[in-house]
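These are the residues of each chain, in order.
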Amino acid sequence: MALKAENMKGIVFENAVNPKSKKKLPHYKGVAKINGKEYQVACWRGWTKTKSEYISFAFEEVKKDG
C-alpha cells in the first residue's frame, strides 16, 4: 500500500542521487495535498554563507487523467 498525503500535509523520501550526475537532482521527493489537490514535491538541501542548513521546495500539480 502506497502512502498518501492527507490534506494540508506532505510526505517526502530521500532520493538516491548519483554523485557523478551533473544535474541538480532533488535530495528528497514526495507528495503533498493542498486544498484537495495533489502535488509532487522536490526538495533540495542548501547552506547559507553562515553555514546554516535549509531546505528549499518545488511543487508541481499532479494532473488527473480523464
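The coordinates are above.
As a starting point, this report considers the structure included with it. What you are looking at is a predicted structure, and each value in this text was computed from that prediction instead of being measured.

Re the overall build of the protein
Reasoning step 1: Within the protein, the regular secondary structure consists of zero helices and four strands.
Reasoning step 2: Judged by the C-alpha coordinates and their principal axes, the protein covers about 45 × 25 × 20 Å.
Reasoning step 3: Out of the 66 residues belonging to the protein, those deemed buried represent 14%.
Reasoning step 4: A sequence separation of at least 24 residues applies to 20% of the contacts in the protein between residues at least 6 apart.
Reasoning step 5: Here the protein has roughly 6,000 Å² of accessible surface; of this, 54% comes from carbon and sulfur atoms.
Reasoning step 6: Taking the 14 positively charged and 7 negatively charged side chains of the protein as two groups, their mean positions are separated by 8 Å.

Considering the pairing of strand β2 (residues 28–34)
Reasoning step 1: Relative to β2, strand β1 (residues 9–14) runs antiparallel, the two sharing six bridges. Within β2, the position partnered with Phe13 by the bridge is Lys29.
Reasoning step 2: Taken together, β2 and the strand that follows it, strand β3 (residues 37–47), pair antiparallel across an intervening segment of two residues, in which Asn35 is found at a positive phi of about 50 degrees.

Brief notes about the environment of Thr48
Reasoning step 1: Assignment of secondary structure puts Thr48 in the loop between β3 and β4 (53–61).
Reasoning step 2: A relative accessible area of 35% places Thr48 in the partly exposed class.
Reasoning step 3: A polar contact is formed between the side chain of Thr48 and the side chain of Thr50, at a distance of 3.1 Å.

Some points on unusual backbone geometry
Reasoning step 1: Unlike most non-glycine residues, Met8 shows phi in positive territory, near 65 degrees.
Reasoning step 2: Relative to the helices and strands, Met8 resides in the segment before β1.
Reasoning step 3: Within the chain, Lys51 stands out as a residue other than glycine whose phi angle is a positive 70 degrees.
Reasoning step 4: Structurally, Lys51 is set in the loop between β3 and β4.

Reading the values: rules and limits
Residues numbered from 1 in each chain as written. Predicted model: local features only at pLDDT ≥ 70, side-chain atom pairs only at ≥ 80, totals over all residues. Heavy atoms only, no water. Helix = DSSP H or I, 4+ residues; strand = E, 2+ residues; numbered from the N terminus. Buried < 20%, exposed > 50% of the residue type's maximum accessible area, 1.4 Å probe, protein only. Contact = heavy atoms within 4.5 Å. Areas by Shrake-Rupley, 256 points an atom, 1.4 Å probe, with all protein chains shown as cover. Lys, Arg positive; Asp, Glu negative; His and termini not counted. Charge placed at Lys NZ, Arg CZ, Asp CG, Glu CD. Pairing = 2+ DSSP bridges. Polar contact = N/O pair within 3.5 Å; in protein donor to acceptor, adjacent residues only side chain to side chain.

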